[in-house]
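Structural description and commentary
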Amino acid sequence: MEELVPDTPRAADRDAAPAEAPAAPSIVNELISTEAVYSIDRMAEVLRVGPDSERDFVLFELNALLENCPEETLKTLVPVLCAGVPAWSLNLQFRVGEGLNHVVNLVLLPETAWTIVASAFAVVAGAPDHFSGPSSDRESFYDLWGAVILDALAQVDWTDGNSSIEHVLTAIDGCSDRPDIPEQRKLAAKLLAPLGGQVAPEAVTRLLLPRALKLTSDFDVLVRGTVAGSLAEIGQSLSLRTVENEVWPRLVVLLEDVDSRIRAATLRTIGRILSAQRERQHLEPESTRLFKELLPPVFVRWSTFAKKASSQDQRLVDDDTYLLLEVVAEVFGELLYSTSLCKENVFRKHAIKAFVGMATCNGPLIRRNCAFNTPGVALTLQEKYAAELCTVVECLARDTDEEVRWILAAGFHETLRILSPLGRQEKLLTSFGTLVHDPHRTVRQHILEHFADSVTVLAKDGDLNSVRKLTPILQNVGDVVNFPWRSQEQFALEVDTVAHLLPPNLLIEKILPAIFEMVQQGNRLVKRAGINAIVRSLRFIPDVFARDTAITNFWGKCLEGNYAMRLAFLEGARKALVVFSQALFRQLFAPRVLLCIRDKVVNIRYSLAQLMPLMAVSCSRLPYFGTALQVLRRDPDQTVRVEMRRFQQVAGKLMATSAGAVDEDVYKARSEANFFGQQRRVNAMKPSLVTVVRGKVSNKRSKDEPSEGSGAVTDSGDRENEVAPSGRLDVAGALAQTKSRNAANQPVRGSLDKRKEISRRSESFTFGSEYGSFHGSSSELDKQTRPIASHRRSKSLKDLLSSATRSVDADSVGTPRAGRFS
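As the structure is a computational prediction, the values presented were derived from the model and not from experiment.

The rules behind these values
- Residues numbered from 1 in each chain as written.
- Predicted model: local features only at pLDDT ≥ 70, side-chain atom pairs only at ≥ 80, totals over all residues.
- Heavy atoms only, no water.
- Helix = DSSP H or I, 4+ residues; strand = E, 2+ residues; numbered from the N terminus.
- Buried < 20%, exposed > 50% of the residue type's maximum accessible area, 1.4 Å probe, protein only.
- Contact = heavy atoms within 4.5 Å.
- Core = buried A, V, L, I, M, F, W, Y, C linked by side-chain atoms within 4.5 Å.
- pLDDT = per-residue confidence, 0-100.
- Phe/Tyr/Trp six-rings, centres within 6.5 Å; stacked < 30°, edge-to-face > 60°.
- Salt bridge = Lys/Arg side-chain N within 4 Å of Asp/Glu carboxyl O.
- Patch = residues over 30% accessible without salt bridge, like charges linked within 9 Å, V, L, I, M, F, W, Y side chains within 5 Å.
- Areas by Shrake-Rupley, 256 points an atom, 1.4 Å probe, with all protein chains shown as cover.
- Lys, Arg positive; Asp, Glu negative; His and termini not counted.
- Charge placed at Lys NZ, Arg CZ, Asp CG, Glu CD.
- Axes fitted to C-alpha atoms, helices over the stretch in contact; angles between N-to-C directions.
- Parallel < 35°, antiparallel > 145°, perpendicular 65-115°, else oblique.
- Left-handed = near helix turned anticlockwise from the far one by under 90°.
- Nonpolar A, V, L, I, M, F, W, Y, C, P; charged D, E, K, R; others polar.
- Expected span 1.5 Å × (residues − 1).
- Bend = angle between axes of the 7 residues up to and from the residue.
- Polar contact = N/O pair within 3.5 Å; in protein donor to acceptor, adjacent residues only side chain to side chain.

Moving on, we get to the overall build of the protein. Each helix and strand counted, the protein has 42 helices and three strands in total. Burial statistics for the protein: of 822 residues in total, 52% are counted as buried.

Below is the structure:
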């Protein structure tokens, strides 16, 4: 496009343009007919030749057209609007500006955006020729069309030859050269800001900076304030030398402006320029004049102002003082940190006094900004003033303003991490507890979003005394079920990260019930994060009976829920494969997982089929694992059968474990043994009489069947160090193992029958769940489950295993506990 303004009659030439003959009555009737209302082409014709009343009707329907047929509207109506609006009346220009304000919020083609920009500049340029309304309407008019230009410029493609930055700058110069219309100069200053982020840095320095610096000397306060804000965007693209030599002197002049709004806008601009220059790569602040010489005097001056102004009653100070104090509190963190990069420690005395004064004054907006800047101030002043800052944090945590508390809670984890090594730990712990128990849900939500980071610092890597102090503080975490779903998901992820530091009784009584309720009520993402947090937390419950009960209550019960809960159940099993060792997964999780082979929902069986290769590493020796494979391979659904065809390939790769994977599993097993108190190994030594009596009495076993129902694992090698689910060593099972080993070690003379008996015992298994403990042999299981493979009967794995048992442990009947099998 060679010209910025569309090829339409200018507003000034409307009277000079040749008048067209009015439309014939038949044409007018056709345009306003019902057919025209429902035809975009007819609406476009109305906009071209119709009277203002009919144009106003079409503009009234523009938003509805954008919602129902946006493509046709943008293709047909918008070009007609842009072509005709510069010559229309002022009222119609207001209506078109409101309509285009909705259009530019859509995703536009670059050529459409450029057409809107060109038309808007034409409207702005022609407005003074026929604008006769009050000044308030004039300001609203320029603000409206300025917003259209700003949003449309963001979608212009500057690499296109039809749209050029020079055309826009020409229009901006036309607005800035109108001394009689300050609204146009204000618009010119406002339009420089978005251009600063869309053109190359070289073009910013050459084309935009001179125009912005020129407007800083404008006699109108609104123009100076607007350009002071635009310099924040322009200054981020400038080189350090340009900022030091050209921009900073002008900013210092603006800081002395008689209007407090100009000074406030300049302070914000300085903060943003410092942040951009400091974050640039390969910049050494100590070697730059900006950070070493230019900034410190400005910081000391405004710190002194903040100290003095904050000591007054903010209800009595004038508006200018309160505005400046609010802005100083807003940018105080950036100014302080940038000054600390080069300046000696002398400035910190002024800084701590100013910050304490602002954080404890009676201006809520000022305290909110102080709460936001607390982490940055703590990072700078922690070496000498950590104790004072801990007191400030405690005061802000008890602030009467809710927004102050939730802003503090949002960054409390960073403040805690910085001040904890040097500050007063008890004050930080008190502040954390105050925020966790805050009466407003928003505050609790923000503090629990970084739950893991805060607990990691406060727990001191699992220090017992520190962990005990956390227990009463975290009693209120059950309220997380009332949070939005995103906060629930985040809390579950945080618990997953820090479960090893949380007190076990807190996990069982508060956290796991809350997360289980989230799993029941939440969406898919909440269920996944929640069940993963539950499974990981189970690993850190040291009491074996409490752990097994928690597995039943918080993971096993998912199997009794609806389809989504059963999917979460399998997701938890996938997590357990990562968290627990192969031995413990085989003992605690695998039996319940295999109950899903007869689920009515095909997606559950398909998810189980995807899980089977991962379970093969730890469960391949289980007899009923092979039975489950046969059932899934003959599943009625084709997708399940297709997935099971990949089992051999996937499981083969996983079972060919590397030495690192084996070492990792050994490490997990040893850690679990130490954590759950199973480091004592069952050996061939004869136990004491007291131990034998205790084992027999507690398990109610008869003398004829000393090993029946004992729950002992009769597998070889790596399973001999396990104990009964109650946490006691299974003495009867140990004696049975001892006899088997002694028999196996006897000479061969006439001992063939004994060796067969030992072999038969080694194939026996024990399967326990919330339905009881069942004992049987693999041969009997195969005999009983053979009808499954041919689909002659439809029974669950629980029923099949029940029918395959030889006897039931009298001690385990009706007692939900995890069982053992091999």
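There is more to say, and it comes next.
As a further point, take the environment of Leu-106. With respect to the helices and strands, Leu-106 occurs in the loop between helix H7 (90-103) and helix H8 (110-130). Along the sequence, Leu-106 and Ala-152 sit 46 residues apart, while their C-alpha atoms lie 9.7 Å from each other. Aside from chain neighbours lying at most four places away, what touches Leu-106 is Leu-66 and Gln-155.

Before going further, it helps to spend a moment on the nonpolar core. Grouped together as the largest cluster of nonpolar side chains are 229 residues, with contacts concentrated most on Ile-116, Trp-145, Phe-332, Met-612, Met-615 and Phe-625. Top element by residues in this core is helix H19 (residues 364-397). It accounts for 14 residues. Beyond its immediate chain neighbours, meaning those up to four positions away, Phe-332 contacts Phe-299, Ser-303, Ala-351, Ala-354, Phe-355, Met-358, Asn-373 and Val-377.

This part takes up the confidence of the model for the protein. Put simply, the protein has an average pLDDT of 78, and 74% of its residues get 70 or more. Contacts for the low-pLDDT stretch residues 679-752, under 50 throughout, to residues beyond four places or in other chains number 96 contacts. Counted against residues more than four places away or in other chains, residues 754-822, with its pLDDT under 50, gives 136 contacts.

Okay, the packing of aromatic side chains next. With the rule as written, the count across this model stands at 16 aromatic pairs. Residues Phe-540 and Phe-675 carry aromatic rings whose centres are separated by 6.4 Å and whose planes lie at 80 degrees to one another, so their mutual orientation is edge-to-face. Taken together, the positions of Phe-540 in the loop between helix H28 (524-538) and helix H29 (544-555) and Phe-675 in helix H37 (residues 659-675) put the pair 135 residues apart, joining distant regions of the chain. A relative accessible area of 15% places Phe-540 in the buried class. Measuring from ring centre to ring centre gives 5.2 Å for Phe-675 and Phe-676, while their planes differ by 80 degrees; the resulting arrangement is edge-to-face. A relative accessible area of 32% places Phe-675 in the partly exposed class.

Before going further, it helps to examine the pattern of salt bridges. Counted under the stated rule, the structure contains 34 salt bridges. Across the pair Asp-218 and Arg-185 runs a salt bridge whose closest N-O atoms are separated by 2.7 Å. Taken together, the residues Asp-218 in the loop between helix H12 (201-215) and helix H13 (221-235) and Arg-185 in helix H11 (residues 182-196) connect sequence positions 33 residues apart. Classification of Asp-218 as buried rests on a relative accessible area of 11%. The partner of Arg-417 in a salt bridge is Glu-414, with the nearest N and O atoms 2.6 Å apart.

Together, Lys-307, Lys-349, Lys-353 and Lys-384 make up a positively charged patch on the protein surface. In this fold, Lys-384 is placed in helix H19.

This brings us to helix H24 (residues 451-459). Given 3.6 residues to a turn, an α-helix orients residues that are three or four positions apart in the same direction. Burial runs high along H24: seven of the nine residues are buried. Among all positions in H24, only Phe-451, Ala-452, Ser-454, Val-455, Val-457, Leu-458 and Ala-459 are buried. Lys-460 occupies a position one or two residues after H24 and carries a positive phi of about 55 degrees.

In contact at an axis separation of 11 Å, helix H17 (residues 319-340) and helix H18 (residues 347-359) are set at 150 degrees when each is read in the N-to-C sense. Here H17 is positioned roughly antiparallel relative to H18, judged by the angle of their axes. By crossing handedness, the relation of H17 to H18 is classed as left-handed. From H17, Leu-325, Val-328, Ala-329, Phe-332, Leu-336, Thr-339 and Ser-340 reach across to H18, where they touch Phe-347, Ala-351, Ala-354, Phe-355 and Met-358. The class makeup of the residues in the contact of H17 with H18 is 10 nonpolar, two polar and no charged.

Here the focus is helix H27 (residues 504-521). Taking 1.5 Å per residue, 18 residues should reach 26 Å; H27 reaches 24 Å between its end C-alpha atoms and fits that length. At Ile-511, H27 shows its strongest bend, of approximately 40 degrees, with the proline Pro-513 following within four residues. Every buried residue belonging to H27 is among Leu-506, Leu-507, Ile-511, Leu-512, Ala-514, Ile-515, Phe-516, Met-518 and Val-519, and all of these are buried.

Glancing now at the side chain of Ser-230. Within the secondary structure, Ser-230 is located in helix H13. What Ser-230 contacts, discounting residues up to four positions off in sequence, is Ala-189, Lys-190 and Ala-193.

Our focus in this paragraph is the environment of Leu-209. Note on placement: Leu-209 falls in helix H12. Taking C-alpha positions, Leu-209 is 8.7 Å from Val-247, a pair spaced 38 residues apart along the chain. What Leu-209 contacts, discounting residues up to four positions off in sequence, is Val-204, Leu-231, Ile-234, Leu-238, Thr-242, Glu-246 and Val-247.

Considering the arrangement of structural elements, one finds Asp-399 in the loop between H19 and helix H20 (402-410). A polar contact is formed between the side chain of Asp-399 and the backbone nitrogen of Asp-401, at a distance of 2.7 Å. Discounting residues that sit within four places of it in the chain, Asp-399 has contacts with Arg-367, Val-404 and Arg-405.

For Leu-238, the location among the structural elements is in the loop between H13 and helix H14 (240-255). We classify Leu-238 as buried; its relative accessible area is 1%. For the pair Leu-238 and Ala-276, spaced 38 residues apart in the sequence, the C-alpha separation amounts to 9.5 Å. Setting aside anything within four residues of it in sequence, one finds Leu-238 in contact with Val-204, Thr-205, Leu-209, Val-243, Val-247, Gln-277 and Arg-280.

For the rest of this paragraph, the subject is the packing of helix H16 (residues 289-310) against H17. The interhelical angle for the contact between H16 and H17, taken along N-to-C directions, is 140 degrees, at an axis separation of 9 Å. One finds that H16 runs oblique with respect to H17. Crossing geometry of H16 relative to H17 is assigned as left-handed. Of the residues in H17, those touching H16 at Phe-291, Leu-295, Pro-296, Phe-299, Trp-302, Ser-303, Phe-305, Ala-306, Ala-309 and Ser-310 are Thr-321, Leu-324, Leu-325, Val-328, Phe-332, Leu-335, Leu-336, Ser-338 and Thr-339.

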